[in-house]
Amino acid sequence: MKGVPDSFLIRKEEWYTYDKSPRPNVHVIASVDESSYIPQGSVKMGDHPVIWSNEHYKARNIYIFMGHSPILFDDEAYKKIVSNAIFWAAEK
């Protein structure tokens, strides 16, 4: 998250809801504040990770659970997240 603000607004997204948080099995990098959803959904996870890596695998995998709308590429924070992920995955 180097160069990404501590908090930023994603204007349009379809957030995934899971039956349980992946947090116990992964390294969570970012979470979403469910109270900011517009419109508010009826299902809440509480803890809602949206970016994580899985250190249990040798490969450098990053999971970014946002990106459904092309307008995200107008957002500097989102572009920085994607750019950082690419450079991180390419490191040796």
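Here the structure is a predicted model, which is why all the values come from computation and not from measurement.

Rules used throughout
- Counting restarts for each chain: residues are numbered from 1 in the order of the written sequence.
- Local features in this predicted model are restricted to residues of pLDDT 70 or higher, and side-chain atom pairs are both shown and tallied only at a pLDDT of 80 or more, whereas totals for entire chains, interfaces and linings draw on every residue.
- Note: side-chain values were computed over all heavy atoms of the structure, leaving out hydrogens and water.
- Helix and strand assignments follow DSSP, with helices taken as H or I runs no shorter than four residues and strands as E runs no shorter than two, numbered in order from the N terminus.
- The buried label goes to any residue with under 20% of its type's maximum accessible area, the exposed label to any with over 50%, and the partly exposed label to all in between, with areas taken from a 1.4 Å probe on protein chains only.
- The Shrake-Rupley method, run with a 1.4 Å probe, gives the accessible areas here. Residue values count only the displayed protein chains as cover.
- For the charge count, each Lys or Arg is scored as positive and each Asp or Glu as negative, with His and the chain ends excluded.
- Charge positions come from single atoms, namely NZ of Lys, CZ of Arg, CG of Asp or CD of Glu.
- By convention, a stacked pair of Phe, Tyr or Trp rings (six-membered ring in the case of Trp) has centres within 6.5 Å and planes under 30 degrees apart, an edge-to-face pair has planes over 60 apart, and any other such pair is tilted.
- Here, any two strands with at least 2 DSSP bridges between them count as paired.

(A) Seen up close, the overall build of the protein. Helix and strand content of the protein: 1 helix and 3 strands. Starting at the N terminus and walking to the C terminus, you meet the elements of the protein as β-β-β-α. Each principal axis of the C-alpha distribution contributes one length, and for the protein these read about 45 × 30 × 20 Å. Residue burial in the protein is summarised as follows: out of 92 residues, 29% are buried. Surface accessibility of the protein: about 6,700 Å² in total, with carbon and sulfur atoms responsible for 55%. Placing the 11 positive and 12 negative side-chain charges of the protein at their respective mean positions leaves the two points 7 Å apart.

(B) Quick look at the packing of aromatic side chains. For the structure on display, the rule yields 6 aromatic pairs. Taken together, a centroid distance of 5.9 Å and an interplanar angle of 80 degrees make the contact between Y18 and F65 edge-to-face. Of this pair, Y18 sits in the segment before β1 (27-31) while F65 is found in the loop between β3 (62-64) and α1 (76-90), placing the two residues 47 residues apart along the sequence. Since its relative accessible area comes to 22%, F65 is described here as partly exposed.

(C) Looking closely at the pairing of strand β2 (residues 49-53). Burial runs high along β2: 5 of the 5 residues are buried. Pairing between β1 and β2: 4 bridges, direction antiparallel. Along β2, the bridge assignment pairs V28 with W52. Direction of pairing for β2 relative to β3: antiparallel, over a ladder of 3 bridges. In the strand pairing of β3, W52 is matched with Y63.

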